[in-house]
Amino acid sequence: MNSSLLPLSTIREEFPATQKFIYMDVANQGLISRTTRASFEQHLDNRLHGENDELSQLKDIEKTRARFAQLIGADRDEIAITKNASESINIIANAINWRAGDSVVLCPQLEHANNILPWLQVKALHNVQLKVVEPDNGSIPVEKIINALDSRTRVVALSTATMVPGFRTATEQIAQACRRRGSFLLADGTQSVGILHTDVAQLGLDGLAVSTVKGLMGLYGSGFLFCRREWADQFNPAYLARFSVDLGNAPESAAILSAPKLRAGAPRFDIGHYNFPGMIAAYASMGQLLEIGTEAIDNHVTSLAKRLALGLLQLGLPVCGGPPGKQTGSIVAIGDMAMLSGEREPDPYVHALHSYLIDNKVIASKRRGLLRFSLHLYNSEAEVDHVIELIKSWSR
């Protein structure tokens, strides 16, 4: 890894789970570090002893908001604090003033259910058209999405890296087309942020929904929503709570006797009180990611993924997408990509190989009939080579 601050051996010491098994399942749930585990102990001790410094806790929230903004190249007033990516997507879906005949463009075969269900509900409630595009050899189809746009397209919903087969999405051309049409480009970044270098300006995103439990190496029940400032100020949140509005220096418990002024930018989407342990943990884990550098992490995991893909191809296994290339990120999947349509039964060998790997202390996932390996900064070349050798033995 290209980091003089934290060599790989030091990083792995931070993650005790790496001493127990080979963990290649960050796309399901990331590991947390010793530093992250220790970060919220003081908060829990304060709760245990009845010590409640709410002002200090709210300052922690703002520090975490600013750190996430730094991680993705945004401004702090473009970040909302949410429960997870699912809530973030729903926030945008319900903040738009829909009109019958509007449209949303998406590729459902490559999306998590939680980037499909909100748009199905929008369709049902507002008579909105869903323009469905088919994958291009397992990738989000750039040209098909651009060709599907028209003057009534309000949203393009996609993932920066898909759940499975896990390819990167080339968003830049889509973003340019969305700008020309006035469409909102919303990305689910849960499978990429913290693992692959993410710059929202470079990617051209208007919105980015992220959970902290995967690449950000945090806890369940915490997330972020990036919403570009000029869009956020146009949106009216479906829900309001004390931290959605601007009451100046008034205390949290101040009486509200008239229509409130919304907070500027994305913080207007903050609802209710915050998951303080989750945000404290995210602040710590993002600090580690920033210390190492997201470009160094991206280079490391992509190199490992290419090494794994090539090794599996040499064994004759059906690696999704074939030889690694520009589409390769941190995820490698094997199996028949026809499974993505849900029109056939999974190949029996996927289940058998998955069980064999578990028996040999390798943690990976089965998703939509494919076997998925997903990597992060704590994985090593030695682990990749060991997995290839295990699969070679199984293949015999």
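Throughout what follows, the structure given in this document is the object of discussion. (Residues numbered from 1 in each chain as written. Predicted model: local features only at pLDDT ≥ 70, side-chain atom pairs only at ≥ 80, totals over all residues. Heavy atoms only, no water.)

Describing the overall build of the protein
Next up, step 1: A tally of regular secondary structure across the protein gives 14 helices and 14 strands.
Next up, step 2: Taken along its principal axes, the extent of the C-alpha atoms in the protein is 75 × 55 × 35 Å.
Next up, step 3: Scored against the burial criterion, the 396 residues of the protein give a buried share of 54%.
Next up, step 4: Contacts in the protein between residues far apart in sequence, at least 24 positions, make up 73% of those at least 6 positions apart.
Next up, step 5: For the protein, the exposed surface amounts to about 17,100 Å²; the carbon and sulfur share of it is 49%. (Helix = DSSP H or I, 4+ residues; strand = E, 2+ residues; numbered from the N terminus. Buried < 20%, exposed > 50% of the residue type's maximum accessible area, 1.4 Å probe, protein only. Contact = heavy atoms within 4.5 Å. Areas by Shrake-Rupley, 256 points an atom, 1.4 Å probe, with all protein chains shown as cover.)

Some points on the environment of phenylalanine 40
Next up, step 1: Its location among the elements puts phenylalanine 40 in the loop between helix H2 (34-39) and helix H3 (41-48).
Next up, step 2: Residues phenylalanine 40 and alanine 282, spaced 242 residues apart in sequence, show a C-alpha to C-alpha distance of 9.9 Å.

Let's talk about the sheet that holds strand E3 (residues 103-106)
Next up, step 1: One open sheet accounts for seven strands, arranged E2-E8-E7-E6-E5-E3-E4; its pairing is mixed. The open sheet has two free edges, formed respectively by strand E2 (79-82) and strand E4 (129-132), since each of these has just one partner strand. Strand-to-strand twist across the sheet, computed as the mean angle between neighbouring axes with direction ignored, equals 20 degrees.
Next up, step 2: Note that strand E7 (residues 207-211) and strand E8 (residues 223-227) share five bridges and pair antiparallel. What sits directly across from serine 211, in E8, is glycine 223.
Next up, step 3: Sheet strands touched by helix H6 (residues 117-126): E3, E4, strand E5 (153-159) and strand E6 (184-188). Its angle to E4, the strand with the most contacts, is close to 140 degrees. (Pairing = 2+ DSSP bridges. Axes fitted to C-alpha atoms, helices over the stretch in contact; angles between N-to-C directions.)

Regarding the packing of helix H13 (residues 348-359) against helix H14 (residues 381-395)
Any two packed helices are characterised by how steeply their axes cross, that is the angle between the axes, and by the distance between the axes.
Next up, step 1: Where H13 contacts H14, the axes come no closer than 11 Å and their chain directions differ by 125 degrees. When the axes of H13 and H14 are compared, the pair comes out oblique. Crossing of H13 against H14: the hand is right-handed. The residues of H14 that touch H13, namely those facing Tyr349, Ala352, Leu353, Tyr356 and Leu357, are Leu390, Ile391, Ser393 and Trp394.
Next up, step 2: Class assignment of the residues belonging to the contact of H13 with H14 gives a composition of eight nonpolar, one polar and no charged. (Parallel < 35°, antiparallel > 145°, perpendicular 65-115°, else oblique. Left-handed = near helix turned anticlockwise from the far one by under 90°. Nonpolar A, V, L, I, M, F, W, Y, C, P; charged D, E, K, R; others polar.)

Things to note about the sheet that holds strand E14 (residues 370-374)
Hydrogen bonds between backbone atoms are what pair the strands of a sheet, whose relative direction is either parallel or antiparallel.
Next up, step 1: Taken together, the three strands give an open sheet; going across it, the order is E11-E14-E13, and neighbouring strands pair in antiparallel fashion. Of all strands in the sheet, those bounded by a partner on one side alone are strand E11 (331-334) and strand E13 (365-367). Neighbour-to-neighbour, the strand axes of this sheet turn through a mean angle of 35 degrees, independent of strand direction.
Next up, step 2: Relative to E14, E11 is paired through four bridges, and the arrangement is antiparallel. Counted as the bridge partner of valine 332 is phenylalanine 373 from E14.

Considering unusual backbone geometry
Next up, step 1: Residues valine 164 and proline 165 are joined by a peptide bond in cis, for which omega reads 5 degrees.
Next up, step 2: With respect to the element layout, proline 165 can be found in the loop between E5 and helix H8 (172-181).
Next up, step 3: Here asparagine 127, not a glycine, exhibits a phi torsion of approximately 55 degrees, which is positive.
Next up, step 4: Here asparagine 127 shows up in the loop between H6 and E4.
Next up, step 5: The class for asparagine 127 is exposed, based on a relative accessible area of 57%.

Description of the environment of valine 132
Next up, step 1: The topology assignment puts valine 132 in strand E4.
Next up, step 2: Residues valine 132 and leucine 186, spaced 54 residues apart in sequence, show a C-alpha to C-alpha distance of 15 Å.
Next up, step 3: In this view, valine 132 contacts Leu106 and Pro108; residues no more than four positions away in its chain are not counted.

Points about H14
Next up, step 1: Over its 15 residues, H14 extends 21 Å from the first C-alpha to the last, a length consistent with the 21 Å expected when each residue adds 1.5 Å.
Next up, step 2: Within the sequence span of H14, burial applies to Glu383, Val384, Val387, Ile388, Leu390 and Ile391. Seen along its axis, H14 keeps its buried residues to an arc of 160 degrees; they face one direction.
Next up, step 3: Buried residues in H14 make contact with helix H1 (8-13), strand E1 (22-23), helix H12 (294-314), H13, strand E12 (362-363) and E14. (Expected span 1.5 Å × (residues − 1). Arc of directions from axis to C-beta.)

A word on the packing of H12 against H14
Next up, step 1: The geometry of H12 relative to H14 is characterised by a closest axis approach of 10 Å and an angle of 15 degrees between their N-to-C directions. Relative to H14, the element H12 is oriented roughly parallel. As for how H12 packs across H14, the hand of that crossing is right-handed. Contacts between H12 and H14 involve Leu304, Arg307, Leu308, Gly311 and Leu312 on the former and, on the latter, Glu381, Val384, Asp385, Val387, Ile388 and Ile391.

Honestly, that's just the spatial picture; any functional story needs more than this.
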